[in-house]
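Each chain, letter by letter, is given below.
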Amino acid sequence: QINSLMWAVRSCRRPAPSSSLTRHTSTSAVRKEAVFYINGKKQVVSSVEADLTLLDYLRSKQYTGAKLTCGEGGCGACTVDLAQWDAELGKVVHKPVNSCLVPMYSIDGTSITTVEGVGNTDDGLHPVQEAMAKHFGSQCGFCTPGFVMSLYSTLQSDPTASQFHLMESINANLCRCTGYRPIITALKDISEKAAAGAPVGPRFPFPESLKDVKKDSFSIEGKRTEWYNPRTLDHLLEIKEKIPQAKLVAGNTEIGIEQRFAKFEYPVMVNIAEIPELKKVSFNEANFSLGPSVSLTDLMAILEAQIELMKQKHSVFGVQVLEALVWQMRWFSGPSVRNMATVGGNIVTASPISDLVPVFLCMDAKFVLKSKARGERTVSARDFFVGYRKTLLQPDEVLVDVIIDYNKPNQHVQAYQQCRRREDDIAIVTSCLGVTFKEGTTIVEKASLAFGGMGVTAITAPKTEHFLEGQEWNKETIEEALKVMAGELVLDRNTPGGMPEYRTALCLSFLYKFGLQVRQTLKGDVSKQKLSALESFTPSIPTGTPKWDHPKHGKTPVGEPVVHLSAERQVCGEAVYTDDLAKRPNELVAVMLVSDVPHAKILEIDTSAALDFPGVHGVFTAKDIKGSNAMGDIIKDELLFAEDEVTAIYQLLGVVVAEDLHTAYKARDLVKVKYEAKEAILSIDQAIEKNSFFPLWQNSIQKGDPDAAIANSEHVLEGSVYIGGQEHFYFEPNVTLVEPIDTEFRVFTSTQNLHKTQSSVAHALGIPESKVIASVRRLGGGFGGKETHNIPYSCAAAVAAQKLRRPIRVVLQRDEDMKYTGKRHPFKGVYKVGFSSDGTINGADIKLYNNGGNWYDLSGPVLDRALFHSDNAYFIPNFRTSGKICKTNTVSNTAFRGFGGPQGALVAETMIQHVANSLKIAPEVLREKHLYKYGQTTHFGMTVKTRFQELWDKCMTSMRFREKVEARDKFNAENRFKKRGIAIVPSKFGLSFTFTPLNQGSALVHIYLDGSVSISHGGIEMGQGLHTKCIQIASQALGVPIEKIYISDSATDKIANSSPSAASMSSDIYGMAVLQACNQLNERIQPYRDAYPNEPFEALMVHAWHDRVNLSAHGFWKVPVGTYDFATGTGEPFCYFTCGMAASEVVIDTLTGDHRILSTEIVFDLGESINPAIDIGQIEGAFVQGVGWHTTEEMVWGDQDHLWIKPGQSKSFGPGNYKIPCVDDIPREMNVTLASASDDSKAVHSSRGVGEPPIVLANSVIFAIQDAVKAAREDAGFSPMFELPLPHTAERIRMACADSITSLTMPPGTDPETYRAFGSW
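Structural notes, computed from the coordinates. (Residues numbered from 1 in each chain as written. Predicted model: local features only at pLDDT ≥ 70, side-chain atom pairs only at ≥ 80, totals over all residues. Heavy atoms only, no water.)

Broken down by element type, the protein carries 37 helices and 47 strands. For 1321 residues, the compact-globule estimate of 2.2 N^0.38 gives 34 Å, and the C-alpha radius of gyration of the protein, at 31 Å, lies within 12% of that figure. C-alpha extents for the protein along the principal axes are approximately 90 × 75 × 70 Å. Sorting the 1321 residues of the protein into buried and exposed places 66% on the buried side. Considering only contacts within the protein whose residues lie at least 6 apart along the sequence, 78% involve residues at least 24 apart. Carbon and sulfur atoms provide 51% of the accessible area of the protein, an area that totals close to 43,300 Å². Side-chain charges of the protein comprise 135 positive and 151 negative groups, with the mean position of each set lying 1 Å from the other. (Helix = DSSP H or I, 4+ residues; strand = E, 2+ residues; numbered from the N terminus. Rg over C-alpha atoms; globule rule 2.2 N^0.38 Å. Buried < 20%, exposed > 50% of the residue type's maximum accessible area, 1.4 Å probe, protein only. Contact = heavy atoms within 4.5 Å. Areas by Shrake-Rupley, 256 points an atom, 1.4 Å probe, with all protein chains shown as cover. Lys, Arg positive; Asp, Glu negative; His and termini not counted. Charge placed at Lys NZ, Arg CZ, Asp CG, Glu CD.)

Given below as structure tokens:
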């Protein structure tokens, strides 16, 4: 049961076992209930369904600190500490586990600690919680409890854990907000305090009563699933004889995924994790045996101890086998999954991309199988796997032992794997390569080459093995072996998983690395240049220093690094998110009914079977909408529920309402929809070819005469760049609870756009907006994805609530959220540029195409912002930019941090890079040459008031850029297979909504008679610190301590007609509105300050109240910005620019495409920051999010390049196959410096908006990677001019590093100079 089987689980669904099994109750079972503790409280449970998870149970009991983010053990947000008594060790053992994968009854005999049991705001914070809060390690806070629990659990096992050990403990905990640097800082604080003796132990001692619980077997008989917990192998074999179809469970790291996402049902489940005979590991001189139920964590520890013992005995060859196993497990997921996953699960699930199976194949391991009727038999690993997910294991058999011969003389073994992301990922290709030499020679006696990810099972390469045997191990032999393997390991273009050439190239590259490794060991004759092939990127502690100048006006609330005011509640799991709200009386659950085709006429929607299913309360479609079915943010071209036609896969058809989630999904599967298929357009290139564009948004901007300038230039270049989309991956999925009360509807929802939610719900229900009250306390991340695409789920729930007059809750599962909602717009940029030999650009013409999807949504404004930013920060005297929105049959794309600006800027940067490479001028020289100078005007006529050269010089100096360029050149000359690259880029980002009416906002400030203050405003807190900043502003304005000011939820009955929290404008708008309200209050209370100068603030309020002074004020702010008219090219679309610089240095592995960011320096102009620590957190988070977009976050769906996927279907729908950055992906050194290089100060307290602009700076990583690829190509004799689509995945980097290996993998007739990797996931 391995998390790395996600691809297989989701790509090839297997039928669930029959549910018609007769119930069997074993006479060995002595208990009918599970006993465990949660936060010191005893739980005795027998009535909970066995197919539920620990997380399901915790949240049903209002332990809501553990969050349901992914449901597949891929993010860590649900982590808890599991403690159990180890009788053999005679002590309590703690381990962090993902509660979303832990089967409910597997926790029998354990003590569970959730984040609520670690510390709290009443009794005090644990040192882990304290450090995470103090060092700004929590922004939106949704992932924070998971980090806290991983660290807490680690400290229970090792109270003096080092910073590195703590970092290793969170390598599978993901965060979308912080960029990880502040979390790393918190780890340093934690480790130092722990080393100094700070109390890090548990609040609740392990219950003595649990020490004997696990001695007993028990079984549970549920309505859906029967559960067995045998304690002996004989009992297990007895169960399997009686119930051969029973599903064996140990770690549940695959079965849990099958149940949650594929909706598999297993009527009988047997937990084998507590059977001592299946957990033994033993060694002798010739071989060792592994019990199939031993966890990967335990196995790693055992093997590492054995390795040390063998090294002491100078047993060189056997060590390599053990190290190969440890290596594969080290990169397998994270501690919380390794703690549960088992050796046996890795084997019997027969995944073609298993991490461990290639090692077993390479070593020709023996699997011992046993049944009660036939006894034991032994099968070779090479014979065990007979097809996709098929093995020789019979239904009544159990894998009881794994035996590996390992201490063979003259044997060399090495394991390799390559993933999309180093930590916590599914391998693209795994391998274990072995060779044994004849005694005293370098003649190959036996070769064993095994690979995962190259077929329907893990495979060997017998032809290549046969070729090597009898050969001298040298350079020539390996070169010939590569040719044999290239012909042997060939994948079809439509192979599931894609990337056929790259996967073959990886196998060849691994063999090449192995060849060098063995040569170096045997002869030491590998050149120093090529030794770099043997080095891997290993974990290290990232560092970083945030820097800012202290406010010129002294220490005041504004300008101070005040800790996020929800941080302490977030680290304790006390912060309430929408789905944490307690279940309402009579509440029902709803799930969406969606299309599974991209374009079709609807012939029939038959809901009869679903309506007859017990527990179902309704299936509602377009005909059931009382108000209007029409929707849309700007243009009402959308439908809540499809009527006659579907125009995109996953388009909403209706909503199914039931008593519980399980019933709702079962009923949804019973709805039958008949379609008549129509032609589907699925990509930008298809849309261009078919002339499929939205007609109402085709703007252009022109300055000067670009055609003449280009025509009269010495040089002209044309080029294009494809920029992929990006999933928001906010940690809190879309959730809404609609509660009908009297004649109104209360909508509790996770939205960035309260007013649009309110108005859309009212529109669908056919009632006035005043009767809909929408509210949100905080979001677990948004990034633009909850500006419009959350609204249909609120409307769907409201339609059901109106029909049934009962509360309705909708919570999208992670896969649903990622499938159903829009992404960052993919773009294609096409440019033509004219320039002189000295690099001066005379004119440029840029055409932009974005993939709008099936509806307008926000694609028009996104395209407009891309046009405004297609100059980035460069002055080009003659410039034209134009754009079109492609209409495709994909889910309509939507707002995402940057809102088109980053895509436009990236086209400009690509053009600059192209020109520099063509002239063989350093790109940084050309970039500096074209930076805007103070007072110059943009192509849309706005005057630049930023001193870019000042920012550039600061960044160059802090990066030691020229010194690092020299170091890069030296490194690249000395290393053939590792190459460094470096780049520096600017950013210029316009602040304000480009739709002028949105540039307004309100705030309501109340002062109470005790001197406390409450604030309501129209903005949404989603981790960006908006509430904290508003409170700082109010504190300074009123002279009231921060701790006496409070902001509750945001709601439409407090602030009407609010603009969405977007465009990085919330602090500007609502901060200024708060300030306006406070100024009004100050005017009213100033007479009392004058009259009673020595009395405290609360006494003044009492005086004012006695005089009937209004102590409430409504503030309003209208941003001083005009409107841009595309027809005339006049007007200023932005209030001001937020600008900055970033320089990044990377190193790539040219044989695998892996890369590491060595360092990044950011200099950013935020004027007078209201809260520099929060703002730097935004910069770091945006930068890392941008790095993910450009490197690991690849969106893949069925189109002409991915014919192995059903047309339109997404294959990027969870952390298993969509990779946001983890802690190991950030720069090893990342320094951020706040600077002030601009004069205009139109925002509150002369600050500047920060949420979106820094994402542009991730471009520095793109061009640093391209710089490294360029060096690799030149080394191999290929042209330095190449096209590299985005994202720069490992596949694309490797295949762009063209060499003799990649040439062997390409289809006949392919030009390696122009080969384009199609991408996959």
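A separate point is empty space enclosed by the protein. The tally for this structure, following the rule as stated, stands at 13 cavities of 30 Å³ or more. Approximately 430 Å³ is the volume attributed to the largest cavity. Lining the largest cavity are 30 residues, with Met1022, Gln1024, Ser1064, Gln1178 and Gly1251 sitting closest to its centre. Broken down by class, the residue content of the lining of the largest cavity amounts to 10 nonpolar, 15 polar and 5 charged. In this structure, the second largest cavity encloses a volume near 300 Å³. Along the walls of the second largest cavity sit 25 residues, with Glu638, His789, Pro792, Trp855 and Ser892 positioned nearest its centre. For the lining of the second largest cavity, the secondary structure elements donating two or more residues are strand S26 (638–639), helix H23 (754–765) and helix H24 (791–804). Top contributing element to the lining of the second largest cavity by residue count: H24, with 3 residues. Its residues placed into classes, the lining of the second largest cavity shows 13 nonpolar, 8 polar and 4 charged. (1 Å grid on protein atoms, 1.4 Å probe; cavity = no way out; pocket = protein on both sides within 12 Å on 5 of 7 lines; lining within 4 Å. Points joined across faces, edges and corners; volume = space filled by probe spheres on them. Nonpolar A, V, L, I, M, F, W, Y, C, P; charged D, E, K, R; others polar.)

This part is about the pattern of salt bridges. Within this structure, the stated rule accounts for 74 salt bridges. The partner of Glu744 in a salt bridge is Arg746, and the shortest N-O contact between them spans 3.2 Å. For Glu744, a relative accessible area of 23% puts it in the partly exposed group. The exposure class of Arg746 is partly exposed, given its relative accessible area of 28%. Among the ionic contacts, a cluster of salt bridges with common partners joins Arg59, Lys67, Asp579, Asp580, Glu587 and Arg809. (Salt bridge = Lys/Arg side-chain N within 4 Å of Asp/Glu carboxyl O.)

On to the pairing of strand S1 (residues 34–38), then. Within S1, 5 of the 5 residues are buried, which leaves it mostly tucked inside the rest of the structure. What you see with S1 is no split at all: Ala34, Phe36 and Ile38 on one side and Val35 and Tyr37 on the other are buried throughout. The pairing of S1 with strand S2 (residues 41–45) spans 5 bridges and is antiparallel. Bridge pairing in S2 places Val35 opposite Val44. Counting the residues in the hairpin turn of S1 and S2 gives 2 residues, including Asn39, whose phi is positive at 50°. As judged from the 2 bridges shared by S1 and strand S5 (residues 111–113), these two strands associate in the parallel manner. (Pairing = 2+ DSSP bridges.)

Inspection of the secondary structure puts Glu714 in the loop between helix H22 (706–711) and strand S31 (715–723). The class for Glu714 is exposed, based on a relative accessible area of 54%. It is 65 Å that separates the C-alpha atoms of Glu714 and Phe620, two residues lying 94 residues apart in sequence. Not counting the four nearest positions on each side in its chain, Glu714 is found in contact with Phe835, Ser836 and Ser837.

Here we come to the sheet that holds strand S10 (residues 281–283). Within the open sheet, the 5 strands sit side by side as S10-S11-S16-S12-S13. Their pairing is antiparallel. Unpaired on one side and paired on the other, S10 and strand S13 (375–380) mark the two borders of the sheet. For this sheet, the mean inter-axis angle between neighbouring strands, taken without regard to orientation, is 20°. (Axes fitted to C-alpha atoms, helices over the stretch in contact; angles between N-to-C directions.)

The subject of this paragraph is helix H7 (residues 233–242). In an α-helix, one full turn covers 3.6 residues, which means residues spaced three or four apart are oriented alike. With 7 of 10 residues buried, H7 lies mostly within the body of the structure. Along H7, the residues that are buried comprise Leu233, His235, Leu236, Leu237, Glu238, Ile239 and Lys240. Contacts from the buried residues of H7 go to strand S7 (226–229), strand S8 (247–249), strand S9 (268–271), strand S12 (366–371) and strand S16 (398–405).

On to the packing of H23 against H24, then. Where H23 meets H24, the axes come as close as 9 Å, and the angle between the chain directions of the two elements is 40°. For the element pair H23 / H24, the angle class is oblique. As H23 packs across H24, the resulting crossing turns out to be right-handed. Across the interface between the two elements, Lys756, Thr757, Ser760, Val761, Ala764 and Leu765 from H23 touch Ile791, Ser794, Cys795, Ala798, Val799 and Gln802 from H24. Here the residues of the contact of H23 with H24 are counted per class, giving 7 nonpolar, 4 polar and 1 charged. (Parallel < 35°, antiparallel > 145°, perpendicular 65-115°, else oblique. Left-handed = near helix turned anticlockwise from the far one by under 90°.)

Let us look at the nonpolar core. Tyr180, Phe731, Val833 and Phe1183 are the most contacted members of the largest nonpolar core, which has 148 residues in total. The element contributing the most residues to this core is helix H35 (residues 1259–1275), with 8 residues. Once residues within four sequence positions are removed from consideration, Val833 is found in contact with Ile710, His715, Val716, Leu717, Ile841, Gly843, Ala844, Met911 and Val915. One finds Ile1015, Ile1033, Ala1077 and Leu1100 within the second-largest nonpolar core, a separate group that totals 53 residues. (Core = buried A, V, L, I, M, F, W, Y, C linked by side-chain atoms within 4.5 Å.)

Right, let's talk about the packing of aromatic side chains for a bit. Applying the stated criterion across every chain yields a total of 30 aromatic pairs. With 6.2 Å between their ring centres and 55° between their planes, Phe1134 and Phe1137 make a pair best called tilted. Per residue, the accessibility class of Phe1134 equals that of Phe1137, and both read buried. Sitting over the face of the ring of Trp331, Arg330 holds its NZ or CZ atom 4.3 Å from the ring centroid. (Phe/Tyr/Trp six-rings, centres within 6.5 Å; stacked < 30°, edge-to-face > 60°. Lys NZ or Arg CZ within 6 Å of the ring centre and 35° of its normal.)

With that out of the way, let us pick up helix H20 (residues 661–668). Three or more residues of H20 are buried, namely Thr663, Ala664, Tyr665, Ala667 and Arg668. Of the surrounding secondary structure, the elements contacted by the buried residues of H20 are strand S22 (588–594), helix H19 (608–612), strand S24 (616–621), strand S28 (652–658) and helix H25 (814–820). For H20, the capping residue at the N-terminal end is Asp660, with a side-chain oxygen 3.2 Å from the backbone nitrogen of His662. (Polar contact = N/O pair within 3.5 Å; in protein donor to acceptor, adjacent residues only side chain to side chain.)

Attention now moves to unusual backbone geometry. Glycine aside, a negative phi is what most residues show, and trans is what most peptide bonds show. Residue Leu1286 is joined to Pro1287 through a cis peptide bond whose omega torsion reads 10°. Relative to the assigned elements, Pro1287 resides in the loop between H35 and helix H36 (1290–1296). Phi is positive for Ser1246, which is not a glycine, with a value near 60°. Note that Ser1246 resides in the loop between strand S47 (1229–1235) and H35. Among the residues examined, Ser1246 registers a relative accessible area of 29% and is labelled partly exposed.

One open sheet holds the 5 strands; their spatial order is S30-S38-S37-S36-S31, and the pairing between them is mixed. With partners counted over all chains shown, the strands left at the sheet margins are strand S30 (700–703) and S31, one partner each. Averaged over all pairs of adjacent strands, the angle between strand axes in this sheet comes to 10°, irrespective of strand direction. Note: strand S36 (residues 827–835) against strand S37 (residues 841–853), 9 bridges, orientation antiparallel. Across the sheet, Tyr831 pairs through a bridge with Ile846, a residue of S37. Running at roughly 160° to strand S38 (residues 878–887), helix H26 (residues 859–868) makes contact with S30, S36, S37 and S38 of the sheet.

Tracing the backbone through its elements, the reader meets Val721 in strand S31. Each residue touching Val721, except ones within four places of it in the same chain, is listed here: Phe827, Lys828, Gly829, Val907, Thr910 and Leu1286.

Next up on the list: the environment of Ala1063. By the element assignment, Ala1063 lies in the loop between strand S43 (1050–1051) and helix H32 (1066–1091). For the pair formed by Ala1063 and Leu991, sequence separation is 72 residues and the distance between their alpha carbons is 6.9 Å. Each residue touching Ala1063, except ones within four places of it in the same chain, is listed here: Leu991, Ser992, Phe993 and Glu1252.

Moving on, we get to the pairing of strand S39 (residues 978–991). Where a strand is regular, its side chains alternate between the two sheet faces. S39 sits mainly inside the fold: 13 of its 14 residues count as buried. Examined bridge by bridge, S39 and strand S45 (residues 1136–1149) share 14 bridges and lie antiparallel to one another. Looking at S45, one finds that Lys979 is bridged to Ile1148.

It is the contact of helix H27 (residues 901–919) with H35, at a shortest axis distance of 11 Å, that shows an interaxial angle of 30°. Classified by the angle between their axes, H27 and H35 sit roughly parallel to one another. Relative to H35, H27 is oriented so that their crossing is right-handed. On H35, the residues that touch Leu906, Glu909, Thr910, Gln913 and Asn917 of H27 are Asn1259, Ile1262, Phe1263, Gln1266 and Lys1270. Residues of the contact of H27 with H35, tallied by class, amount to 3 nonpolar, 5 polar and 2 charged.

Among the structural elements, Asp396 can be located in the loop between strand S15 (390–391) and S16. A residue is classified by how much of its surface remains accessible, and Asp396, at 14% relative accessible area, is buried. Within the structure, Asp396 has its side chain in polar contact with the side chain of Arg374 (distance 2.8 Å). Among all residues touching Asp396, those that are not within four sequence positions of it are Lys240, Pro244, Lys370, Ser371, Ala373 and Arg374.

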